[in-house]
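Now for the letters of each chain:
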Amino acid sequence: MMYLRISLVIATVSFSLFNNTEASLAAERKVRFEIPLSTPYNSEILASTGAKYLYPQQACVDETNGHLFVVNASRGGGDRSQWVAVYDWMSGKFLTIFKAGDGLGETCVVSDNNHMRPSVWIKSRGNNLLEFDVSALPTPMSAPSYVRKQRAAVLYQSAMRDDRWFLETKTSGRDVLSIRNRRFDEMETIILADPEIDKSAPVKRQGFAVSGRGIVGSYGSNYIRNRDQAPTEYGVKLFRFDGSIAYDGLDNPETVMKQLNSQGVMTTRLENEGVIVTRDNKIYTIAVTQAANSAASKTGGLAIVQELADPKDR
C-alpha cells in the first residue's frame, strides 16, 4: 500500500488493556499512513470565508463504505463554519470536502440508520447535533442541507455505540456523560474517574469514543518542541462502563514524536485532535504534527498510527 503524507496521527490500541492496568506506557507505535493537514481546497475555503486557517476537531469512520471523515473548524477572521473532509479509509486518498454547519464542536459520529443509509453527525451552533446524509458523498465545496437537527445540549464532545449516544452536556460537569437512546431519551449517566477533563488543563481531553467494553478518551494539548510551555502528555485513557479507569496510556510528547520521526513522519509539534474506535475495538487517535498553513502541511501533518504494535505490549 502506498502511504500518503499528513500530520495527523491515528493509533490502534488492543482492548485486552481493559483487563490490564499495568500495560507499558511507551508501547511500540507503527505508522499506517500519513495525509496532508491542508486539503486541496484550503485556499479556496479561506478566500471565501475570510478565515485564517482550518483545523481538525474530531474524526469518524464509515467502515461499510470505507470513508474517513475529518471535521475541520475555520478559525480566525470571525468565520465559524465547519468543513468535513472525506478520505479513503484504506489509503488516505482525499475524496471531497463539504460545509457542515457552524460553531465549534468535537463531535463526529457515523450512523447507518439501521442499515438504510449512512449519515454523519456533527455538533453545531447552539449545542445542537446536525445529521448529514452521506449515502452519496457531497461534491467538493458544496453545502448540503442537514436531514435532522437534534437539540441535545451538547457541550463539545459526543459519541455513539450500538445505538446508544454518549454526550458531554452543558448541564453537567465534563466528567459526567449522559447515555441516551436513538430518541435521545436519557437512560443513565456515567461519572468518569478522570482528573484531566478541564478544557484549560495542560493535559486535557480532546475527544472520546466508545468501544464494546468501555469509553476511550483522547488527550494532549498542543506541544511545540523547544517552546517554554506547561507540561503535557499525549495518548488515550480507557474507562470501564462504570466510570473506573482501566488503562492510562499517556506518554511524554517527545517520546511519541521520536517514534513517528523514526518512521518518516516529520513532526514539529504534537496535538491530539480526536479518537476513533472501529467495530473490532481498535483505537485510532488523531494527532496534528505540523502547523496549519505551513509548507509542510501540504504534504503532511495528519497521520494514522497503530499503537501497541508489538504483541507483547497488548
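Predicted model only: the values in this text are computed from it and were never measured. (Residues numbered from 1 in each chain as written. Predicted model: local features only at pLDDT ≥ 70, side-chain atom pairs only at ≥ 80, totals over all residues. Heavy atoms only, no water.)

1. Focus on the sheet that holds strand S13 (residues 186-191)
The strands making up a sheet associate through backbone hydrogen bonding, with each pair oriented either parallel or antiparallel.
Stage number 1. Strand order in this open sheet of 8 strands is S9-S8-S7-S6-S10-S11-S12-S13, and the pairing throughout is mixed. The outermost strands of the open sheet, each flanked by one partner alone, are strand S9 (148-151) and S13. Neighbouring strand axes in the sheet, compared pairwise and without regard to direction, differ in orientation by 25 degrees on average.
Stage number 2. As paired strands, strand S6 (residues 106-111) and strand S7 (residues 119-124) are joined by 4 bridges and run antiparallel to one another. Paired with Ser 111 across the bridge in S7 is Ser 119. (Pairing = 2+ DSSP bridges. Helix = DSSP H or I, 4+ residues; strand = E, 2+ residues; numbered from the N terminus. Axes fitted to C-alpha atoms, helices over the stretch in contact; angles between N-to-C directions.)

2. Focus on helix H2 (residues 253-261)
Stage number 1. Of all the residues in H2, the buried ones are Pro 253, Glu 254, Val 256, Met 257, Gln 259 and Leu 260.
Stage number 2. The distance from a side-chain oxygen at the start of H2 to the backbone nitrogen of Glu 254 is 2.8 Å, and the residue carrying that oxygen is Asn 252. (Buried < 20%, exposed > 50% of the residue type's maximum accessible area, 1.4 Å probe, protein only. Polar contact = N/O pair within 3.5 Å; in protein donor to acceptor, adjacent residues only side chain to side chain.)

3. Regarding the layout of surface pockets
Stage number 1. In this structure, the largest pocket encloses a volume near 760 Å³.
Stage number 2. Lining the largest pocket are 33 residues, with Val 61, Val 110, Ser 111, Met 160 and Arg 279 sitting closest to its centre.
Stage number 3. Here the lining of the largest pocket takes 5 residues from strand S2 (residues 53-62), the largest share from any one element.
Stage number 4. A breakdown of the residues in the lining of the largest pocket according to their chemical character gives 16 nonpolar, 8 polar and 9 charged.
Stage number 5. There is about 190 Å³ of room inside the second largest pocket.
Stage number 6. Around the second largest pocket, the lining comprises 11 residues; the ones closest to its centre are Tyr 55, Gln 57, Arg 75, Glu 271 and Glu 273.
Stage number 7. Broken down by element, the residue count for the lining of the second largest pocket peaks at 3 residues, all from S2.
Stage number 8. Among the residues making up the lining of the second largest pocket, the classes are represented as 3 nonpolar, 2 polar and 6 charged. (1 Å grid on protein atoms, 1.4 Å probe; cavity = no way out; pocket = protein on both sides within 12 Å on 5 of 7 lines; lining within 4 Å. Points joined across faces, edges and corners; volume = space filled by probe spheres on them. Nonpolar A, V, L, I, M, F, W, Y, C, P; charged D, E, K, R; others polar.)

4. Section: the pairing of S13
Stage number 1. Two elements, strand S12 (residues 176-180) and S13, share 5 bridges in a ladder whose sense is antiparallel. Across the sheet, residue Val 176 finds its bridge partner in S13, namely Ile 191.
Stage number 2. Where S12 folds back onto S13 in an antiparallel hairpin, the turn is made up of 5 residues, including Phe 184, whose phi is positive at roughly 70 degrees.

5. As for the packing of aromatic side chains
How two aromatic rings sit relative to each other is set out by the distance from centre to centre and by the angle between their planes.
Stage number 1. Under the criterion given, the structure shown has 9 aromatic pairs.
Stage number 2. For the ring pair Tyr 41 and Phe 94, a centre distance of 6.1 Å and an interplane angle of 40 degrees mean the geometry is tilted. Placement of Tyr 41 in the loop between strand S1 (29-36) and helix H1 (42-49) and of Phe 94 in strand S5 (residues 94-102) is noted, with a sequence separation of 53 residues between them.
Stage number 3. With a centroid separation of 6.1 Å and an interplanar angle of 55 degrees, the aromatic rings of Trp 121 and Phe 184 are classed as tilted. Of this pair, Trp 121 sits in strand S7 while Phe 184 sits in the loop between S12 and S13; the two residues are 63 residues apart in sequence, bridging distant segments of the chain.
Stage number 4. Overall, the relative accessible area of 7% leaves Phe 184 in the buried class.
Stage number 5. Clustering of aromatic rings is evident, with ring pairs tying together Tyr 41, Tyr 87 and Phe 94.
Stage number 6. Taking NZ or CZ as reference, Arg 32 lies 5.1 Å from the ring centre of Trp 89, over its face. (Phe/Tyr/Trp six-rings, centres within 6.5 Å; stacked < 30°, edge-to-face > 60°. Lys NZ or Arg CZ within 6 Å of the ring centre and 35° of its normal.)

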